[in-house]
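Working through the structure, step by step
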Amino acid sequence: MPTGEELLRSKGLRVTRPRLAVLDVLAGGGHLEVDEITRRVRERLDSVSTQAVYDVLGALSRAGLSRRIEPAGSPARYEARVGDNHHHVVCRGCGEIADIDCAVGDAPCLDSGITHGFQVDEAEVTFWGLCPACQARRSTDH
């Protein structure tokens, strides 16, 4: 597994403490909102602004080192799992997000047949439902 420094350099990005800290937070897994990423980065660094974290996340996403997802009605979230064209399932009750591997074959794994001249390289699918905890709460509420 490459180090944060190696990942940044491989994409032509400068190695900075905020970038390394954000990479480290994202490597911990999950689908994190900027506020949570910022809180965790501040545990590692003395001081970092929320804007600096946004800037780092933008640079990492553009470089393919992080992925930004925006489920309807939710703030943007970021994850480290990139390059495999996976999808997400979102709980309508609590907002929990989990990964779902690509539904069919290789990227983009869905073929619309009509691209309007676009070269399609990814299909993003969001599945919606209730997580096990919300299902249990719902069954006890009735």
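Calculation rules
Along every chain, residues carry numbers that run from 1 in the direction the sequence is written. Thresholds applied to this predicted model are a pLDDT of at least 70 for local features of residues and 80 or more for the giving and counting of side-chain atom pairs; totals over whole chains, interfaces and linings are not thresholded and use all residues. Neither water nor hydrogens contribute to the side-chain values; these are computed over all heavy atoms in the structure. Helix and strand labels come from DSSP, where a helix needs a run of H or I of at least four residues and a strand needs a run of E of at least two; each type is numbered from the N terminus. Burial classification: accessible surface area is computed with a 1.4 Å probe over protein chains only, and a residue below 20% of its type maximum counts as buried, one above 50% as exposed, and the rest as partly exposed. Here, two residues are considered to be in contact whenever any of their heavy atoms come within 4.5 Å of each other. Each accessible area value is a Shrake-Rupley result obtained with a 1.4 Å probe; residue values ignore everything except the protein chains displayed when judging cover. Here the positive residues are Lys and Arg and the negative ones are Asp and Glu; neither His nor the chain ends is included. Here the site of a charge means NZ on Lys, CZ on Arg, CG on Asp, or CD on Glu. UniProt positions are given in the numbering used here, feature names are shortened, and annotations may be inferred rather than shown by experiment. For our purposes a nonpolar core is just a set of buried Ala, Val, Leu, Ile, Met, Phe, Trp, Tyr and Cys residues, chained together by side-chain atoms within 4.5 Å. Residue ranges labeled as domains rest on an automatic or database domain assignment.

Some words on the overall build of the protein chain
Per the secondary structure count, the protein chain includes five helices and six strands. Along the chain direction, N to C, the helices and strands of the protein chain fall in the order α-α-β-α-α-β-β-β-β-β-α. Over its C-alpha atoms, taken along the principal directions, the protein chain stretches across nearly 50 × 45 × 30 Å. Within the span of the protein chain, comprising 142 residues, buried residues form 32% of the whole. Taking all contacts inside the protein chain whose residues are at least 6 apart in sequence as the whole, residues at least 24 apart take part in 44%. When the accessible area of the protein chain is evaluated, it comes to approximately 9,000 Å², of which 49% is carbon and sulfur surface. In the protein chain, 17 positive and 21 negative side-chain charges are present, and the distance between their average locations comes to 5 Å.

A few points about the UniProt feature "binding site: Zn(2+)" (unreviewed entry) in the protein chain
The sites that UniProt annotates as "binding site: Zn(2+)" (unreviewed entry) are C91, C94, C131 and C134. Taken along the chain, the residues just named run across 44 residues; in space they keep tight, none of their C-alpha pairs more than 8.1 Å apart. Mapped onto the secondary structure, C94 falls in the loop between β4 (87-91) and β5 (97-100). Those residues in contact with C94, other than ones at most four positions away along the chain, are C131, C134 and R137. For C134, the location among the structural elements is in helix α5 (residues 132-141). A residue is classified by how much of its surface remains accessible, and C134, at 9% relative accessible area, is buried. The contacts of C134, once residues within four sequence positions are left out, are C91, G93 and C94.

Observations concerning the nonpolar core
Counting 21 residues, the largest nonpolar core has V22, I37, V41, L57 and L60 as the members making the most contacts within it. Sort the elements by how many residues they give to this core and helix α2 (residues 17-27) lands first, with five residues. The residues touching L57, leaving out its near neighbours within four places in the chain, are V22, L26, V34, I37, S66 and Y78.

Focus: the domain arrangement of the protein chain
Think of interface size as the accessible area that goes away when the parts come together; that is how it is often given. Looking at the protein chain, the domain boundaries give domain 1 (4-69) and domain 2 (85-141). On a C-alpha basis, the centres of domain 1 and domain 2 stand 24 Å from each other.

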